[in-house]
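The lines below spell out each chain.
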Amino acid sequence: MAGRAMRYLGVGAALGGALVPGAAMAEAPVGGDSKAQVYSPIQFAVLLELDFGSIIAGSSGGTVILDPTSSSRDCGTMVCTGSFSWSRLAISGSDATVAISYAPIFYLTGPGAPIGAELTYAGGSGSQIEMTGGSAEIQFGAILHVNPGQVPGAYSGEFAVDVNYQ
């Protein structure tokens, strides 16, 4: 009996110090709530590619700004021609809050030195949005830093965006 009392004493201590007779423990069910949330995988579709257009840089270089919240392109001291566009992505999945994150710097490569660019998003990296109806669109702009004396030619690059349920 002493061994049995020790075992109940250990159980009693784990339950907050209350000692309960063995028969009562066997008859009293213990339970708790359990929950799970299942989401659909997040899917991406590229609606628009990020495109700075054509740039006449000259020898001093400069910046081209595509603001994701407006419909403007600012070329500073350089001359920009041709069409341009922001990156627009469609995301789909479950009705839920998602966080948008990305590395702020990416590079465009071509015949000359790589051209650095900063990805911009209205809420910044780490911001959260609601996917209502299981979908949302997100738009990115960027700031392109054209090097002084940049070699003429076509430059391209990629950036990565992560979208995660919260």
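Everything discussed here concerns the structure shown above.
Residues numbered from 1 in each chain as written. Predicted model: local features only at pLDDT ≥ 70, side-chain atom pairs only at ≥ 80, totals over all residues. Heavy atoms only, no water.

Undergrad: Explain the overall build of the chain here, please?
TA: Of the regular secondary structure elements, the chain holds two helices and 12 strands. Counting from the amino terminus, the chain carries its helices and strands in the arrangement α-α-β-β-β-β-β-β-β-β-β-β-β-β. For the chain, with 166 residues in total, the buried portion stands at 30%. Considering only intrachain contacts with a sequence separation of at least 6, the fraction spanning at least 24 residues in the chain is 70%. (Helix = DSSP H or I, 4+ residues; strand = E, 2+ residues; numbered from the N terminus. Buried < 20%, exposed > 50% of the residue type's maximum accessible area, 1.4 Å probe, protein only. Contact = heavy atoms within 4.5 Å.)

Undergrad: Even after reading the chapter, I still don't get the state of the cysteines, so can you show me in this structure?
TA: Here a disulfide denotes a covalent bond joining the sulfur atom of one cysteine to the sulfur atom of another. Using the criterion set out here, one finds one disulfide in the structure. Two residues, Cys75 and Cys80, share a disulfide whose sulfurs are 1.8 Å apart. Every disulfide takes its handedness from the sign of the S-S torsion; for Cys75 and Cys80 that torsion is -120°, giving left-handed. Of the two residues, Cys75 and Cys80, both sit in the buried class. (Disulfide = S-S within 2.5 Å.)

Undergrad: For this particular structure, what's the right way to read the packing of aromatic side chains?
TA: Aromatic ring pairs: the centre-centre distance and the angle between the two ring planes describe each pair. Across all of its chains, the model carries six aromatic pairs by this definition. The interplanar angle of 70° and the centroid separation of 5.5 Å between the aromatic rings of Phe84 and Trp86 together place this pair among those described as edge-to-face. Look at Phe106 and Phe159: their rings are 5.3 Å apart centre to centre, the planes differ by 50°, and that puts the pair in the tilted class. In this pair, Phe106 is assigned in strand E8 (residues 105-108) and Phe159 in the loop between strand E11 (135-146) and strand E12 (161-165), connecting sequence segments 53 residues apart. Judged by its relative accessible area of 6%, Phe106 falls in the buried class. For Phe159, a relative accessible area of 26% gives the class partly exposed. Among the aromatic residues, those joined into a cluster by ring pairs are Tyr102, Phe106, Tyr121, Phe140 and Phe159. (Phe/Tyr/Trp six-rings, centres within 6.5 Å; stacked < 30°, edge-to-face > 60°.)

This is a description of form; function is not addressed.
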